[in-house]
Amino acid sequence: MINENKTLKKFIGLEKELIYKKAFGSLLGVAFGDAMGMPTSLMSPLEIKKVFPQRITKLLPAPKGHFIHNGLIAGEITDDTQQTLLLADLFIEEKKFSRMGVAKKLLEWAKSLDAFKSMLLGPSSLRALKMIDEGVSLDETGRIGDTNGAAMKIAPVGIAHPGDYDAVVKDVAEICVPTHNTNIAIAGASAVACAVASGMVNKELDGLVEAFYYGAEEGMKLGNQWYGASIQKRTELALKIVRSGKKEEEIWQDLYDYVGAGIAMSESVPTSLALVVYYNGNPIKTAEAAANMGGDCDTVGAIAGGMAGAYSGYEIFPQEIIDQLSLVNNVDFNLYAKRMTDAIFS
Ligand SMILES: [Mg+2]
């Protein structure tokens, strides 16, 4: 595959503004998708219809009694964005992603939220972080981690390496060592991060889809061999569904039924890519679909939003949404994008 980063480096002065716009877009895409999917997270389509009879089209609070997100207000992000920002912090501080750095950041964050005693963490991260806390070697802690936590946080790796897919896959594998060191997890996270890296430099969605497949293929060669449905073949199926010509809500249902939107890597990652394609890389629309579709809504929203936001850039987000996300979560996403951009060009 052509290494588009070589072209980028030649035009370094001209491209910095573009990289910043795309980095900001990707981070906002993760946060908006996460916050839109937060109220319906881990609910079935039927349950969503019961609790939210009207289609969800804006940021809402969690419904009373939600078993993970009870009490969260409209616009609040969850672990998906929090872990994404941890990786962004790591890159800003160290200009690279090391397994030790990732393990340290994740463990500090989990402990600060008392996450071992709550429902906050996914199964792979919970198991691995407990082992890391007990002093088990990082070579062991991620041995069977295969769920979508590896993909939900991975956008900063794509942002850090615009158009450089081999660098992306290498860093994804390093980041996955502590918690998600299986070929399935590395493949799913590499596919997403390569799509982000493509969105940072490409104007065509075809290039993003090609980069996604490249990441999945290369990622499958790395980590511990583990079982699971093929990410590429599930993606072929997901793309067939969004190109079927059916009505929007039938497409959501078909994605949910045939490909899945659950915590398995081979469900949520192909479905997320299919939403990006269906909505022509619009992160507002991918987030709305993820929130209404059912399943791991916040994570599908975050994964699709990270890819679509890199592709579209931040200007697609209305200023009120940017302000709401920043204010409610006390996070300056704009500053994150600026600092990441500075780190890339330093
Ligand atoms: Mg979450």
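Let me sum up the structure you'll find in this document.

Cut-offs and rules
- Residues numbered from 1 in each chain as written.
- Predicted model: local features only at pLDDT ≥ 70, side-chain atom pairs only at ≥ 80, totals over all residues.
- Heavy atoms only, no water.
- Donors = N, O, S within 2.8 Å, 3.2 Å for Na, K, Ca; no water.
- Buried < 20%, exposed > 50% of the residue type's maximum accessible area, 1.4 Å probe, protein only.
- Helix = DSSP H or I, 4+ residues; strand = E, 2+ residues; numbered from the N terminus.
- Contact = heavy atoms within 4.5 Å.
- Core = buried A, V, L, I, M, F, W, Y, C linked by side-chain atoms within 4.5 Å.
- 1 Å grid on protein atoms, 1.4 Å probe; cavity = no way out; pocket = protein on both sides within 12 Å on 5 of 7 lines; lining within 4 Å.
- Points joined across faces, edges and corners; volume = space filled by probe spheres on them.
- Nonpolar A, V, L, I, M, F, W, Y, C, P; charged D, E, K, R; others polar.
- Salt bridge = Lys/Arg side-chain N within 4 Å of Asp/Glu carboxyl O.

1. Comments concerning the coordination of the magnesium ion
Distances from the magnesium ion to its protein donors, namely Thr78 (OG1), Asp79 (OD), Asp80 (OD) and Asp298 (OD), fall within the range 2.1 to 2.4 Å. Owing to a relative accessible area of 0%, Asp80 belongs among the buried residues under this scheme.

2. Focus on the environment of Ile263
As for its position among the elements, Ile263 is in the loop between helix H14 (248-259) and helix H15 (265-278). Residue Ile263 is classed as partly exposed on the basis of its relative accessible area, which comes to 36%. Taking the C-alpha atoms as reference, Ile263 lies 9.0 Å from Val300; in sequence the two are 37 residues apart. In this structure, Ile263 is in contact with Leu42, Pro123, Thr147, Asn148, Ser268 and Asp296, ignoring residues within four places of it in sequence.

3. Quick notes on the nonpolar core
Counting residues in hydrophobic clusters, the biggest one holds 115 residues, and the most contacted among them are Ile154, Val172, Leu255, Met307, Leu325 and Phe333. Looking at which element gives the most residues to this core, the answer is helix H11 (residues 183-199), with twelve residues. Setting aside its immediate chain neighbours within four residues, Phe333 contacts Phe24, Leu27, Leu28, Ala31, Thr81, Leu85, Leu325 and Ser326.

4. Observations concerning empty space enclosed by the protein
Per the stated rule, a full pass over the model turns up two cavities of 30 Å³ or more. In this model, the largest cavity occupies a volume close to 40 Å³. Contributing to the lining of the largest cavity are Val30, Thr84, Ala151, Met152, Ile154, Ala155, Val192, Val196, Ala302, Ile303, Gly306 and Met307. When residues of the lining of the largest cavity are traced back to their parent elements, those giving at least two are helix H8 (149-152), H11 and helix H17 (297-312). In terms of residues, the lining of the largest cavity owes the most to one element, H17, which gives four residues. If you add up the space inside the second largest cavity, you get close to 30 Å³. Looking at the second largest cavity, the residues that line it are Gln83, Leu86, Leu87, Val102, Lys105, Leu106 and Lys153. For the lining of the second largest cavity, the secondary-structure elements that each account for two or more residues are helix H4 (79-94) and helix H5 (99-112). Residue composition of the lining of the second largest cavity, grouped by class: four nonpolar, one polar and two charged.

5. Quick notes on the pattern of salt bridges
Applying the stated rule across the entire model yields 14 salt bridges. Across the pair Glu93 and Lys105 runs a salt bridge whose closest N-O atoms are separated by 3.0 Å. Remark: Lys105 occurs in helix H5 and Glu93 occurs in helix H4; sequence separation between them is twelve residues. Relative accessible area serves as the criterion here: at 18%, Lys105 is assigned to the buried category. Look at the salt bridges and you will find they share partners, linking Arg55, Glu248, Glu249 and Glu288 into a network.

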